[in-house]
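Listed below are the residues making up each chain.
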Amino acid sequence: GPKMGLENPLSTCAGTTLEVHVTKATEILGMDNCRMHPFCVTAYYPGESEQVAESRKSCFKPAMKSALGSRREDVFFFETIRLPYDPK
């Protein structure tokens, strides 16, 4: 019968993906002091088009202050972005 289990995630078979796990971004300096900012993340290879990078973009997540009185912000993403595996 078929075997269940994990396969090599970096095999060279067509359709293999690379997973980028983003938990959080810390101490982001916002553009102004007026409000908390929403942020998103993406992943791409150098040379890929902006359209490809945009297609992998996460949903926007709200930020929170890094520390009381700080202008810096932290964002918890808990996102996984999948890219086609490129061994180059």
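For every chain, the first residue of the written sequence is number 1, and numbering continues from 1 along that sequence. For a predicted model such as this one, the threshold for reporting local features is a pLDDT of at least 70, and the threshold for listing and counting side-chain atom pairs is 80 or more; totals across whole chains, interfaces and linings nevertheless cover every residue. Calculation of side-chain values draws on the structure's entire complement of heavy atoms; hydrogens and water are dropped beforehand.

We now examine the sheet that holds strand 5 (residues 72-84). The rule for pairing is simple: two strands pair if DSSP sees at least two bridges between them. The helix and strand labels rest on DSSP assignments: H or I over at least four residues marks a helix, E over at least two residues marks a strand, and numbering proceeds from the N terminus. Spatial strand order, 1-5-4: three strands in an open sheet with antiparallel pairing. Unpaired on one side and paired on the other, strand 1 (17-29) and strand 4 (64-65) mark the two borders of the sheet. In terms of strand pairing, strand 4 meets strand 5 through two bridges, oriented antiparallel. The residue of strand 5 that forms the bridge with methionine 64 is aspartate 74.

As a further point, take the side chain of glutamate 79. Relative to the assigned elements, glutamate 79 resides in strand 5. At a separation of 3.4 Å, a polar atom in the side chain of glutamate 79 contacts the side chain of lysine 61. Setting aside anything within four residues of it in sequence, one finds glutamate 79 in contact with Val20, His21, Val22, Val41, Ser58 and Lys61. Under this definition, polar contacts are N or O atom pairs within 3.5 Å; protein pairs additionally need one hydrogen-donor-capable and one acceptor-capable atom, and for neighbouring residues in sequence, both atoms have to be side-chain atoms. By definition in these notes, contact holds between two residues if any of their heavy atoms fall within 4.5 Å.

On to the pattern of salt bridges. Each reported salt bridge corresponds to a side-chain nitrogen of Lys or Arg within 4 Å of a carboxyl oxygen of Asp or Glu. Tallying each qualifying case throughout the model produces four salt bridges. For lysine 57, the salt bridge is made with glutamate 54, and the minimal N-O distance between the two is 3.0 Å.

Aromatic rings from Phe, Tyr and Trp, taking only the six-membered ring of Trp, are treated as a pair when their centres fall within 6.5 Å; an angle between ring planes under 30 degrees marks them as stacked, one over 60 as edge-to-face, and anything in between as tilted. According to the stated counting rule, one finds one aromatic pair in the structure shown. Judged by centre distance (6.0 Å) and plane angle (15°), the rings of phenylalanine 76 and phenylalanine 78 are stacked.

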